[in-house]
Amino acid sequence: MMNWNWPDNKRIALLLSFDIDAETLWLTRNDINERHLVHMSRGLYATKQGLPRILKMLEEEGLKATFFTTAYTAEIHPEIIQYIAAQGHEIGYHGYLHEVKDTYEEENALMDKVDAIFRKLTGKRPVGVRMPDGIV
Ligand SMILES: [Zn+2]
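Keep in mind that this is a model prediction, so the values were computed, not measured.

Participant: Looking at this structure, I do not really get helix α5 (residues 104-122). What am I missing?
Facilitator: Along an α-helix, residues three or four apart share an orientation, since each turn contains 3.6 residues. Between its first and last C-alpha atoms α5 spans 26 Å; for 19 residues at 1.5 Å apiece the expected length is 27 Å, and the two agree. Every buried residue of α5 is listed here: E107, L110, V114, D115, I117, F118 and L121. On the buried face of α5, the contacting elements are β2 (66-69), α3 (71-76), α4 (78-86) and β3 (90-93). Looking at the residues trailing α5, positive phi occurs at G123, about 80°.

Participant: Can you walk me through the coordination of the zinc ion in this structure?
Facilitator: As a benchmark, a tetrahedral metal site with four donors has ideal angles of 109.5 degrees, while an octahedral site with six donors has ideal angles of 90 or 180 degrees. Listed as protein donors to the zinc ion are D21 (OD), D21 (OD), H94 (NE2) and H98 (NE2); their distances from the metal cover 2.1 to 2.5 Å. One way to put it: the 4 donor atoms around the zinc ion meet at angles of 53 to 134°, and that makes the site irregular. Mapped onto the polypeptide sequence, the residues donating to the zinc ion form the spacing pattern D-x72-H-x3-H. In this pair, D21 is assigned in the loop between β1 (17-20) and α1 (24-27) and H98 in the loop between β3 and α5, connecting sequence segments 77 residues apart. You'll find D21 and H98 in the same group, each marked buried.

Participant: What is the right way to read the sheet that holds β1 from this model?
Facilitator: Strand pairing within a sheet occurs via backbone hydrogen bonds; the two strands may be parallel or antiparallel. Judged by pairing direction, the sheet is parallel, and its 3 strands sit side by side in the order β1-β2-β3 without closing on themselves. The outermost strands of the open sheet, each flanked by one partner alone, are β1 and β3. Neighbour-to-neighbour, the strand axes of the sheet open up by a mean angle of 30°, direction not taken into account. Both β1 and β2 contribute to a ladder of 4 bridges, which runs parallel. Residue pairing across strands places D19 opposite F68, the latter belonging to β2. Against the sheet, α4 contacts β1, β2 and β3, and its axis sits at roughly 125° relative to β3.

Participant: Before we go on, may I ask you to explain the pattern of salt bridges in this structure?
Facilitator: Two side chains that carry opposite charge are able to pair once their charged atoms sit near each other. Tallied over the full model, the rule gives 3 salt bridges. A salt bridge links D19 to R130; the shortest N-O distance between them is 2.5 Å. On the criterion of sequence distance, the pair formed by D19 in strand β1 and R130 in the segment after α5 is long-range, its members being 111 residues apart. Assessed through its relative accessible area of 34%, D19 is described here as partly exposed. Given the relative accessible area of 29%, R130 is considered partly exposed. When the shortest N-O distance is used, the salt bridge between R119 and D115 registers 2.9 Å. Pair noted here: R119 and D115 are both in helix α5, with a separation of 4 residues, about one helical turn. The partly exposed category is assigned to R119, whose relative accessible area is 40%. The class of D115 is buried, set by a relative accessible area of 15%.

Participant: Whenever I open this one, the environment of Y93 confuses me. Can you help?
Facilitator: Relative to the helices and strands, Y93 is located in strand β3. Taking the C-alpha atoms as reference points, Y93 and T69, 24 residues apart in sequence, are found 6.1 Å from one another.

Participant: Explanation requested: the nonpolar core in the structure shown.
Facilitator: If you look at soluble globular proteins, the nonpolar side chains tend to sit buried side by side. Within the largest apolar cluster, 22 residues are counted, with the highest numbers of intra-cluster contacts made by L51, F67, I84, I91, I117 and F118. The biggest single contributor to this core is α5, with 5 residues.

The rules behind the values
- Throughout this description, residue numbers start from 1 for each chain and increase along the sequence as written.
- In keeping with the model being predicted, local features are shown solely for residues with a pLDDT of at least 70 and side-chain atom pairs are shown and tallied solely at 80 or more, while totals for entire chains, interfaces and linings include all residues.
- Only hydrogens and water are removed before side-chain values are computed, so all heavy atoms of the structure are retained for them.
- Helix and strand definitions follow DSSP, with helices as H or I runs of at least four residues and strands as E runs of at least two, each counted in order from the N terminus.
- A helix is expected to span 1.5 Å for every residue after the first.
- Each residue gets one of three labels from its accessible area relative to the maximum for its type: buried under 20%, exposed over 50%, partly exposed in between, using a 1.4 Å probe on protein chains only.
- Contact between two residues is taken to exist if any of their heavy atoms lie within 4.5 Å; hydrogens are not considered.
- Coordinating donors are taken as N, O and S atoms within 2.8 Å of the metal, stretched to 3.2 Å for Na, K and Ca; because water is absent from the atoms, sites can appear incomplete.
- Angular criteria define each label, namely tetrahedral for four donors with all angles between 85 and 135 degrees, square planar for four and octahedral for six donors with opposite donors over 155 degrees apart and remaining angles between 65 and 115, and irregular for whatever fails these tests.
- Paired strands, as defined in this entry, are two strands with at least two bridges between them according to DSSP.
- The axes used here are C-alpha line fits, helices contributing only the stretch in contact, and every angle between their N-to-C directions lies in the interval 0 to 180 degrees.
- Definition used for salt bridges: Asp or Glu carboxyl oxygen within 4 Å of a side-chain nitrogen of Lys or Arg.
- We define a nonpolar core as any set of buried Ala, Val, Leu, Ile, Met, Phe, Trp, Tyr and Cys residues linked to one another through side-chain atoms lying within 4.5 Å.

What follows is the structure in structure tokens.
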């Protein structure tokens, strides 16, 4: 059995991550969703109600997390993404519009586009990646 210790004699390591899909999850599921206020309000709920609760909990517990978000979400809610980054949390790649590309070249071009948007907002290059829909 391997004998290994976490730094500072901690007993466990915990990785917290959240997806901020917001409206993009609905925009990419069905063409009519853009005009479907119930679906769009579900997406908006995440940024207006769910996310502040998560951020408050993390602050109270002194925890940092990774927030995977789409660049579209970052563009329409820049103050949210800037706030999260300023709190010391990581902003990770989750596509531009929660889409999945078919080729390496297409995905790489999309990552470059997202990288530029995130760098402009946070000053940092996104390092963590969570592919939309869990497709690798
Ligand atoms: Zn997602």
